[in-house]
Amino acid sequence: MITPAFELSQDPDFLTIIIEVPYARASEFDLYFEGEDFKFYSKPYFLRLTLPGRIVEDGREKASYNADKRTLTIRLPKESPGQYFEGLDMVTSLLAPKKSRSAKHLVEEIGASAALSEEEEEEEFEWEIEQTPYEETAESFPPLQYCYGFGNLRSGVFQRLQDELSDVVDIKDPDKTPVCERRKKRLAAEAAKFDPDHYLADSFEDEAIQHVLKYKPWWVEAHEKMTALQGKSHQKHDSNTLVVFTEEEKEQLRRFTNKSYLLDKRSRHHVYLSLIDILLAYCYDICVNEGDQNVESSWNVRKLSATLCWLECFYDIHDVLVCFGRRVLCYPLHRHFDLVTRALNDTVMILQLGRAAVLKCLLDIHKIFRESDPAYLLNDLFITDYCVWIQKTKSKKLAALSESLQKTALAKSHLGFELEELEAAARLVQEEERQLKAAAAVSRQQLPSSESETSDSEESSSTSSETEGSDSDEQESSAGEDGKINSSQGVLQEEGTAPLIDCNGLRQDANTSMVEVSNEKSKASLQSTSVPGKLIEELEKQMHTAISLSEQPKELAAASCFVLREQENHVSEPDKYSEVSTGKGNFLEVPSKTNPLLFLCSTNEDED
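This is a predicted model, so every value here is computed, not measured.

On to the packing of helix 10 (residues 265-288) against helix 15 (residues 355-370), then. Relative orientation and spacing of two packed helices are given, respectively, by the angle between their axes and the distance between those axes. Helix 15 packs onto helix 10 with a crossing angle of 70° between their chain directions and a minimal axis gap of 11 Å. It follows that helix 10 is roughly perpendicular to helix 15 by the angle criterion. Facing helix 10, whose interface residues are Leu 275, Ile 278, Leu 279, Tyr 282 and Ile 286, helix 15 presents Val 358, Cys 361, Leu 362, Asp 364, Ile 365 and Ile 368. Class assignment for the residues of the contact of helix 10 with helix 15 results in 10 nonpolar, no polar and one charged.

This is the structure we're talking about:
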């Protein structure tokens, strides 16, 4: 037989059951309902439900078949009109048979124990009770294997699956590690992993974190609706209007095997506290990923939950919050205390929405682990059992748990990382940097005025230096001219023994030449002072003519004369001076300007 997909809803007078029967004949089906029992059969489908309230057959019942959707809709009247049927979305619990409400176990609940269990479910649980952690002593003989998993009902699993589970949990060899030793190792690992620089960077540069904090998951809107409805009326409302399960989630609920759990009072306390720890880790992942699950979701949930990662057992709510806060500041990408507070507020809202919201979150965690290898093993240890167990939990227990969680305060000083001291030191550094920046800004404002003054002084100094430089250039050029003329005088004095013949054949002595040279020197000096130094340098570089004075033999002195030659760019000026200074040549070069030393002579052929 096939268990069909079905959905339950209600109004004040009727319970509505919609059953999907795509392969059944609409004309052949059997119905049976009485009290809390409902049975449906239409080959190949069979459905048996144990309802949370009583229904009655009084002629108002009605059934209709939708051929397009292949669904059968059945409306059954309530025995007590106006009664609210709680838990219509707890599919696994509804599928359990009557009386036992669970599948058979090796140990069955009978007689007084069943009545006692029912009384324990109804009693008010004191969440603020003082508890002393259990400590193993050397006198007590520890068991060969320690327990873990949901309600500490498992043991020996890691011996069989050591290779697979070593990548899932951080604790090594948990079968032989007691609870107190697990906690010591966890605290040591967290202290070694905490990075002050990473924490301060996320605390003071938190633009990305503030962005993800604005995200609102589905339970925020559902909680707002619930608050609005409670403000109008104090009556209970159908959870289907607040929390809606998808078809995939309903299918997963049908696959679960219904079972009961024999938990003593201490074990139930651990189960509730571990539930808070798992929901906190899940809420963190939903917040930072803005509802979009990714490959890191499985790692985030199991790493931030010490229940899943270290198989931790908690003793009070404050321990749960401190452990979660420490792990948020040690392991994930975003390490900010506001994310701890946000996850805490989200968990409170989920618990206030009731077991339907908690079950929806657990189904999502189950899917995350189911699609991750090897994290799926955590479903067998924890999540599957939580999904089945939560369907039987009383809503008032979750309400009391949420109230206690909301009253529990968590501060940065509780986490043990000296966060307040680190932040105070970082603020001092920021203040020093701010003062340095302010001083630099003031200096930059004063810099333009000082630069203008400096530029004015530099311009005046440069002007004076240019004037002085031009004067020095003129003096150097005039000195160079004097040196040239003096060297010419020396050469002429050496050649003074030879008579000089002008163009007309008249004899002139050396004194006359000396006078003319001195006159030319004065003219050149006056000329150099009147002409700028740069112009003189350019004129000196452009000189390209020279007159060569050659000493003739004494016997031919009467017939010889100075010969004027024009030489254009044949010999460079330094070479000319070098020839004169070394005395290897008998030539003297002077500028092409009109000079008394330059005698223009005409040959005898011209005179003729």
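Quick look at helix 6 (residues 196-204) now. Among the residues making up helix 6, those that are buried are Tyr 199, Leu 200, Asp 202 and Ser 203. Each buried residue of helix 6 lies within a common arc of 165° when the element is viewed along its axis, so the set occupies one face. At the N-terminal end of helix 6, a side-chain oxygen is found 3.2 Å from the backbone nitrogen of Asp 197, two or three residues along, and the residue is Asp 195.

Along the chain, Gln 391 turns up in the loop between helix 16 (377-389) and helix 17 (395-407). For Gln 391, a relative accessible area of 1% translates into the label buried.

Right, let's talk about the packing of helix 15 against helix 16 for a bit. Relative to each other, helix 15 and helix 16 sit at 160°, their axes nearing to 9 Å. With respect to helix 16, the axis of helix 15 lies roughly antiparallel. Where helix 15 crosses over helix 16, the handedness of that crossing is left-handed. Taken together, the residues of helix 16 that come into contact with helix 15 (itself represented by Leu 359, Leu 362, Leu 363, Ile 365, His 366, Phe 369 and Arg 370) are Leu 378, Asn 379, Ile 383, Thr 384, Tyr 386 and Cys 387.

Let's shift gears to the confidence of the model for the chain. Looking at the chain, pLDDT values average 75 and 64% of them are 70 or higher. Note on residues 100-121: pLDDT under 50 across the span, and 22 contacts to partners over four residues away in sequence or across chains. In this model, residues 474-531 is a region of pLDDT below 50 whose contacts with residues beyond four sequence positions or in other chains number 62 contacts.

Within the largest apolar cluster, 120 residues are counted, with the highest numbers of intra-cluster contacts made by Phe 38, Trp 219 and Trp 389. Looking at this core element by element, the count peaks at 15 residues for helix 10. Apart from residues lying up to four places away in sequence, Trp 219 is in contact with Tyr 282, Cys 283, Ile 286, Asp 346, Met 349, Ile 350, Leu 353 and Cys 361.

Right, let's get into the pairing of strand 5 (residues 62-66). Both faces of the sheet carry side chains from a regular strand, because those side chains alternate between them. Where strand 5 meets strand 6 (residues 71-77), five bridges bridge the pair, whose relative direction is antiparallel. Residue Tyr 65 lies in a different strand from strand 6, and its bridge partner there is Leu 72.

Our next topic: the pattern of salt bridges. This structure, assessed with the given rule, holds 25 salt bridges. Residue Asp 170 pairs with Lys 303 through a salt bridge whose shortest N-O separation is 2.9 Å. Separated by 133 residues along the polypeptide, Asp 170 in the loop between helix 4 (162-165) and helix 5 (179-193) and Lys 303 in helix 11 (residues 297-304) bring together distant segments of the chain. A relative accessible area of 14% places Lys 303 in the buried class. In this structure, the salt-bridge partner of Lys 259 is Asp 385, at a minimum N-O distance of 3.7 Å. Of this pair, Lys 259 sits in the loop between helix 9 (247-255) and helix 10 while Asp 385 sits in helix 16, and the two are 126 residues apart along the sequence.

Conventions adopted
Residues numbered from 1 in each chain as written. Predicted model: local features only at pLDDT ≥ 70, side-chain atom pairs only at ≥ 80, totals over all residues. Heavy atoms only, no water. Axes fitted to C-alpha atoms, helices over the stretch in contact; angles between N-to-C directions. Helix = DSSP H or I, 4+ residues; strand = E, 2+ residues; numbered from the N terminus. Parallel < 35°, antiparallel > 145°, perpendicular 65-115°, else oblique. Contact = heavy atoms within 4.5 Å. Nonpolar A, V, L, I, M, F, W, Y, C, P; charged D, E, K, R; others polar. Buried < 20%, exposed > 50% of the residue type's maximum accessible area, 1.4 Å probe, protein only. Arc of directions from axis to C-beta. Polar contact = N/O pair within 3.5 Å; in protein donor to acceptor, adjacent residues only side chain to side chain. Left-handed = near helix turned anticlockwise from the far one by under 90°. pLDDT = per-residue confidence, 0-100. Core = buried A, V, L, I, M, F, W, Y, C linked by side-chain atoms within 4.5 Å. Pairing = 2+ DSSP bridges. Salt bridge = Lys/Arg side-chain N within 4 Å of Asp/Glu carboxyl O.

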